[in-house]
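Residue-level listing of the chains:
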Amino acid sequence: MAMTHASTPTDPTSAQTAPGAPAPTAASRPDSSDKALYGGKSSRRITVRDIAAAKGRGEKWPMLTAYDAMTASVFDQAGIPVMLVGDSMGNCHLGYDSTVPVTMDEITFLAAAVVRGAKRALIVADLPFGAYQESPVQALRNATRLVKEAGVQAVKLEGGERSAHQIELLVSAGIPVMAHIGLTPQSVNAFGGYPVQGRGEEAAQQLLRDAKAVQDAGAFAVVLEVVPAELAAEVTRVLHIPTVGIGAGQECDAQVLVWTDMAGLTPGRVPRFVKQYAQLREVLGDAAKAFADDVVGGAYPAPEHSFH
């Protein structure tokens, strides 16, 4: 049976604001603290219906990537409502130069770990390059594997108009889809790098068409990556599904970062849109050096670390 379209929920708490009326804020609803994606009191698993309802409330929410059970449990306890098992694992965990080499086996294995580590967050897994471009049937086969074997609640795939048929089939089969437009990293070879997308009238109009196409196909949300802030704001205004920004300005409904970028674990330069909230690479490096110094100097293991 086809899933209910995320943009037309039957729950009255997720009804859209009437045309011309000011968008409600989270503070304007007496029960908003119970329903909030971040900071909410409910401990049950977040669903795509909750994501749709947050758009109606005008609530902004955070998303982070995760690739293992331990990190997922930390973010889950911190209240992160949505986690993405991204093909960014290729760059930051598997040692690849891009996301392109990531395989279905790798995504499935790590997504299952994230699902085991998180009890409340909605878990979304990427369909990697080559797992859906061939046909909608190929997309359904691989998305089904992620749902059945890994236990994720939704999948993400790149592309706007060109991926609409894949999204339609997945949604009709009951698999929620998060779309991804703008800079699509799997197309790095076609782009010749990671340039800003949507600059200029023609490019902006194409991005708007892509956004409307994925919404019409049934996507419950759409990632906007590295697009001008003004264009992202326009897309957010015209869509009734949430936009998730990464390098797309403040007006998106949600924001996502690769967790190793956010936590300062990524070496070297990070993209302009990244804000580092910790310097975890330095912290871990210092801990490793302190451990090594203790071992070499005979301070570890001390008597309290030994058995007799």
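Parameters and conventions
Residues numbered from 1 in each chain as written. Predicted model: local features only at pLDDT ≥ 70, side-chain atom pairs only at ≥ 80, totals over all residues. Heavy atoms only, no water. Salt bridge = Lys/Arg side-chain N within 4 Å of Asp/Glu carboxyl O. Helix = DSSP H or I, 4+ residues; strand = E, 2+ residues; numbered from the N terminus. Buried < 20%, exposed > 50% of the residue type's maximum accessible area, 1.4 Å probe, protein only. Axes fitted to C-alpha atoms, helices over the stretch in contact; angles between N-to-C directions. Left-handed = near helix turned anticlockwise from the far one by under 90°. Contact = heavy atoms within 4.5 Å. Arc of directions from axis to C-beta.

### Thoughts on the pattern of salt bridges
Proximity of charged atoms lets side chains of opposite charge pair with each other. On inspection of all chains with the given rule, the structure shows 7 salt bridges. The partner of Lys-55 in a salt bridge is Asp-253, with the nearest N and O atoms 2.7 Å apart. In this pair, Lys-55 sits in helix α2 (residues 48-57) while Asp-253 sits in the loop between β7 (243-246) and β8 (254-257), placing the two residues 198 residues apart along the sequence. Under the relative-accessibility criterion, Lys-55 is labelled buried at 14%. Two residues, Asp-126 and Lys-156, come together in a salt bridge whose shortest N-O distance is 2.7 Å. Taken together, the positions of Asp-126 in strand β3 (residues 122-126) and Lys-156 in strand β4 (residues 154-158) put the pair 30 residues apart, joining distant regions of the chain. For the residue pair Asp-126 and Lys-156, the accessibility class agrees, reading buried in each case.

### Quick notes on the packing of helix α5 (residues 104-117) against helix α6 (residues 136-150)
The interhelical angle for the contact between α5 and α6, taken along N-to-C directions, is 35°, at an axis separation of 9 Å. In this structure, α5 crosses over α6, and the sense of that crossing is right-handed. Taken together, the residues of α6 that come into contact with α5 (itself represented by Met-104, Asp-105, Ile-107, Thr-108, Ala-111, Ala-112 and Val-115) are Asn-142, Arg-145, Leu-146, Glu-149 and Ala-150.

### Notes on helix α10 (residues 229-238)
Buried residues of α10: Leu-231, Ala-232, Val-235 and Thr-236, and no others. The buried residues of α10 occupy an angular sector of 140° when the element is viewed end-on, so they sit on one face. For α10, exposure combined with an orientation more than 90 degrees from the buried face picks out Glu-230 and Arg-237. Those residues of α10 that are buried lie in contact with α2, α9 (201-217), β6 (221-225) and β7.

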